[in-house]
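Each chain, written out:
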Amino acid sequence: MTEFLYAVEVMINGLMAGVLYALVALGFVLIFKASGIFNYAQGVLALFAALTLVGLQEGQIPFAHLINAMFGTELHHFGWHLPALLAILLTVGVMILLAIAIERFILKHLVNQEPIILFMATIGLAYFLEGLGDIMWGSEIKTLDVGLPQGGSFWIEEKTAVLGGDGFYGFFIDKLDIVAALVAAVLVIGLTVFSQYSKQGRALRAVADDHQAALSVGISLRFIWVLVWSIAGFVALVAGIMWGAKSGVQFSLSLIALKALPVLMLGGFTSIPGAIVGGLIIGVGEKLFEFTVSSSWFGDAFGFTMSATENWFAYVLALIFLVFRPQGLFGEKIIERV
Amino acid sequence: MKLKLASIALGAALAAGPALADLVFPDLSYRTGPYAAGGIPFSDGYQDYFTLVNERDGGIGGVPARVIECETGYNTEKGVECYEATKGEGALIYQPLSTGITYQLIPKVSADGIPLHTMGYGRTSAANGKVFEWVFNYPANYWNAASVAIKYLLDESGGDLGDKKIALLYHNSAYGKEPIRTLEGLSAKHGFDLTTIAVDHPGQEQKSQWLQIRRERPDYVIMWGWGVMNQVAIQEAANIRFPMENFIGNWWAGAEHDVTPAGMAADGYKALNMNRIADLPVFDDIRTYVADKGMAAGDGSNIGKVLYTRGMYAAMLAVEAAKTAQEIHGTPDITAAMMRDGMEALVMDAAKMEALGAPGIGPEFGVTCADHGGSGMGILQQWNAGEGKWVALTDYISPDDAIIDPLVEEDSMAFAAENGIDLRCD
């Protein structure tokens, strides 16, 4: 019974972890859906957004290290500490400016190019943004404080402890994960409503279906690209906040993109619900597998145990799904007629 | 006319005698990428100490030290590239601050005749100088660290760990796996129950591992982490309300940036260190001769921090070894082979550390032909989140050589047999 309850706990935490993976995957989906670009820079966008948020909130002077090195000054801070909400709004503004710059200096020049060219451009963008973030805000680890709760929920632990015997300590659920799940739900609903019912959303879907046709009816491709990169920047900011709250804002944040790839393979590159469902399946699957193969009863049965399986098992799980649905669970089936 | 001028210039150069070349100390640093937060303060400390020696003392034995920085990004391939790119400059010693790069460089430095110093990391069995002529890992190695942690826990538990459960949470890499054999040996000796739990690179997601710890309720968790793994682990430990005073990181999981993201929740977390963190007189010199003159490698904000101190200590040991080499060979203009001789005769005692303005910065030790590992001593420190500083809990603790020496012997002899190495020092 205790083992079963712990398996349930692992499953719940897997669902929560899956939401965090899905948050990263959403950014990829938005851009791929609207422009057919696999955005290699999505992880770095999350890093850059989080760096900017902390920098603005703490009143850090951008490029201070560079300015000090060049002019011998001792500039570091403006001396303010912004409220979290204002800092988030300003960061959204920065991400919109970044989207405009990306369209203006990169995408505009690559219209009608092969997808691989656009993909390679995003690789360059990733390196550029990582360097820019470093020069603007510095490489040290920054503490993110936007008022998010941390730690396991006492209430849930106490209420569920009675379900098992002496060896069961109640379900552990991280309060941050609960917040992340709520935020993800709001994001998905908002994005779905936006794409289904707003004029810009419909234009975005039209561009996704056919660039040429969308252009012929007067939809501005450049505006749509700015719009979609802005939204992806906002989603990256949300992902950066949630992941940065766990580890502090540091350059390894860009590696969270690795967690999104199996989610995309499973959920499909073009479906927002797919990113969520894919994230949940990957989260639960990898956590339950780790729980199973690291348990003592598995060791007794097979003579060995395994650990640190999550990174590779997520891809195995995605590949298993791909055998049966090559386009992913929610991906569009591509039928090419010759 | 041109020929005449050239002849005069050449004659003048010859008449002036042979100019002393700089003493070259490459710094394979990582200021970018996921591990930059650890690489930057170490490199700052390493470089600032050489600058101090140049500015305050006029160099080492009158010869200026020249640091060549090469960015590795903590990437093994780039680290090897940096080695190849800088060795021709007359490099005297390499300190790559990466176990992965160390493993790649061991055969290269052995072939090229350049000493490699891996202080508290790298290949542990390189402590056996009979096998590893060009590799040094004084003052302590990973296996020493594991033993020091267990010795501390033995002291805390009244000398008996028989009924205790200890979990090792480790980075799933060559580095992270290093202490397992030692801990298994110590588990057999002291009777504690050992569980090993791996965390995959980079360690951003550790929910499964901490749920396992929550289920199994070990008395202590020892962590072998680096980079983001440390910050996430400390936050997750706080999340499950694991007692911080029973959570011990190794010396690569005990810097300020490892604990600050968790805020007050990290209060009481413990870590090993091979250095005593204090406001040492040498830091005043660095501020006066280096930072205040605008010559610091960084912005000066890291001076005195854990990894800055360790980087500075690494440079201090290199400078002292170079001085020893100059004395042995009677020349200030030493080569890499002479530097190796200096390292093999290095003695760091209390009086020397005091004279260097760094009393008690490291354990006392002496290096010999057979022993390249030093004394292996380490201290335990504890994070005081309220004051934002590490507090030393112990003096330097000796490792359990009865467990470690046979392991070093076994591993190094296997390496010697595989590589056809003739033993030295007889």
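Conventions we followed
Residues numbered from 1 in each chain as written. Chains lettered and ligands numbered in written order. Predicted model: local features only at pLDDT ≥ 70, side-chain atom pairs only at ≥ 80, totals over all residues. Helix = DSSP H or I, 4+ residues; strand = E, 2+ residues; numbered from the N terminus. Rg over C-alpha atoms; globule rule 2.2 N^0.38 Å. Buried ≥ 20, exposed ≤ 12 C-beta atoms within 10 Å, placed from the backbone. Contact = placed C-beta atoms within 7 Å. Core = buried A, V, L, I, M, F, W, Y, C linked by C-beta atoms within 7 Å. Nonpolar A, V, L, I, M, F, W, Y, C, P; charged D, E, K, R; others polar. Pairing = 2+ DSSP bridges. Axes fitted to C-alpha atoms, helices over the stretch in contact; angles between N-to-C directions. Right-handed = clockwise from strand over helix to strand, strands pointing away. UniProt positions renumbered as here; feature names shortened; annotations may be inferred. Parallel < 35°, antiparallel > 145°, perpendicular 65-115°, else oblique.

To continue, consider the overall build of chain B. The secondary structure content of chain B amounts to 15 helices and 13 strands. The globule rule puts the C-alpha radius of gyration for 426 residues at 22 Å, and the 22 Å found for chain B is close to it. C-alpha extents for chain B along the principal axes are approximately 90 × 50 × 40 Å. Counting the 426 residues in chain B, one finds 57% classified as buried. Residue pairs at least 24 apart in sequence account for 70% of intrachain contacts in chain B once pairs closer than 6 positions are excluded.

Once that is clear, we can look at the overall build of chain A. A tally of regular secondary structure across chain A gives 14 helices and 0 strands. Going from the N terminus to the C terminus, chain A shows its helices and strands as α-α-α-α-α-α-α-α-α-α-α-α-α-α. Referenced to the eigenvectors of the C-alpha coordinate spread, the extents of chain A come out at roughly 65 × 60 × 35 Å. Expressed as a percentage of its 338 residues, the buried residues of chain A come to 47%. Taking contacts inside chain A between residues at least 6 apart in sequence as the whole, the part at least 24 apart equals 74%.

Bringing the nonpolar core into the picture now. Grouped together as the largest cluster of nonpolar side chains are 241 residues, with contacts concentrated most on A:Leu23, A:Ala25, A:Ala50, A:Val228 and A:Val235. With 18 residues, helix α1 (residues 2-35) of chain A is the single largest residue contributor to this core.

Bringing the interface of chain B and chain A into the picture now. When the parts of a complex come together, some accessible area is lost, and that lost area is often used as the size of the interface. The interface is formed by 36 residues belonging to chain B together with 37 residues belonging to chain A. When contributions to the side of chain B that touches chain A are tallied by element, the ones reaching two or more residues are α2 (36-57), β6 (193-199), α8 (207-216) and α9 (228-239) of chain B. The class makeup of the residues in the side of chain B that touches chain A is 15 nonpolar, 14 polar and 7 charged.

This brings us to the sheet that holds strand β8 (residues 247-249) of chain B. Sheet strands line up and pair through hydrogen bonds in the backbone, either parallel or antiparallel. Residue and element names in this part refer to chain B. With mixed pairing, the 7 strands of this open sheet are ordered in space as β6-β5-β7-β8-β9-β12-β13. One side of each edge strand has no neighbouring strand; the edge strands of this open sheet are β6 and β13 (389-392). Each adjacent strand pair in this sheet contributes to an overall mean axis angle of 30°, direction not counted. Strand direction decides the pairing type here: strand β12 (residues 379-384) and β13, joined by 4 bridges, are antiparallel. Bridge pairing in β13 places Gln382 opposite Val391. In the packing of helix α5 (residues 142-156) onto the sheet, the strands contacted are β7 (220-224), β8, β9 (270-273) and β12, and the crossing angle to β9 comes to about 130°.

Residue and element names in this part refer to chain B. The sheet contact formed by strand β1 (residues 23-29) and strand β2 (residues 65-71) spans 7 bridges and is parallel. Of the residues in β2, the one forming a bridge with Val24 is Arg66. The parallel pair β1 and β2 is bridged by α2, and the resulting crossover is right-handed.

Per the UniProt entry, the sites bearing "domain: Leucine-binding protein" (unreviewed entry) are residues 28-385 of chain B in this numbering. Across residues 28-385 of chain B, helical content stands at 43% and strand content at 14%; the span's end C-alpha atoms are separated by 32 Å.

Glancing now at the environment of B:Tyr269. Residue and element names in this part refer to chain B. With respect to the element layout, Tyr269 can be found in the loop between α10 (256-259) and β9. Owing to 30 C-beta atoms within 10 Å, Tyr269 belongs among the buried residues under this scheme. Once the C-alpha coordinates of Tyr269 and Lys164 are considered, the two residues, 105 residues apart in sequence, prove to be 19 Å apart. With residues up to four places along the chain from it excluded, the contact list for Tyr269 reads Ile234, Met244, Phe247, Val259 and Trp383.

Right, let's get into the packing of helix α8 (residues 199-209) of chain A against helix α10 (residues 221-247) of chain A. Packed helices, taken two at a time, are described by the angle their axes make and the gap between the axes. All names here are of chain A. Where α8 meets α10, the axes come as close as 10 Å, and the angle between the chain directions of the two elements is 105°. Considering their axes alone, α8 and α10 lie roughly perpendicular with respect to each other. Here α8 contributes Gln200, Ala203, Leu204 and Val207 to the contact with α10, which in turn contributes Leu221, Ile224, Leu227 and Val228. Class assignment for the residues of the contact of α8 with α10 results in 7 nonpolar, 1 polar and no charged.

Residues and elements named next belong to chain A. Taken N-terminus to C-terminus, the directions of helix α2 (residues 42-57) and α10 make an angle of 70°; their axes are 7 Å apart at the nearest point. Accordingly, the angle class assigned to the pair α2 and α10 is roughly perpendicular. Along its contact with α2, which presents Gln42, Leu45, Ala46, Leu47, Ala49, Ala50 and Leu53, the element α10 presents Ala232, Gly233, Ala236, Leu237, Ala239, Gly240, Ile241 and Gly244.

Before going further, it helps to examine the UniProt feature "transmembrane region" (unreviewed entry) in chain A. All names here are of chain A. Mapped onto this numbering, the UniProt entry gives "transmembrane region" (unreviewed entry) at residues 12-32, 44-64, 84-107, 116-137, 178-198, 219-243, 263-285 and 297-324. For residues 12-32, the end-to-end C-alpha separation is 30 Å, with 100% helix and 0% strand making up the annotated structure. Helix makes up 71% of residues 44-64 and strand 0%, with an end-to-end C-alpha separation of 21 Å.

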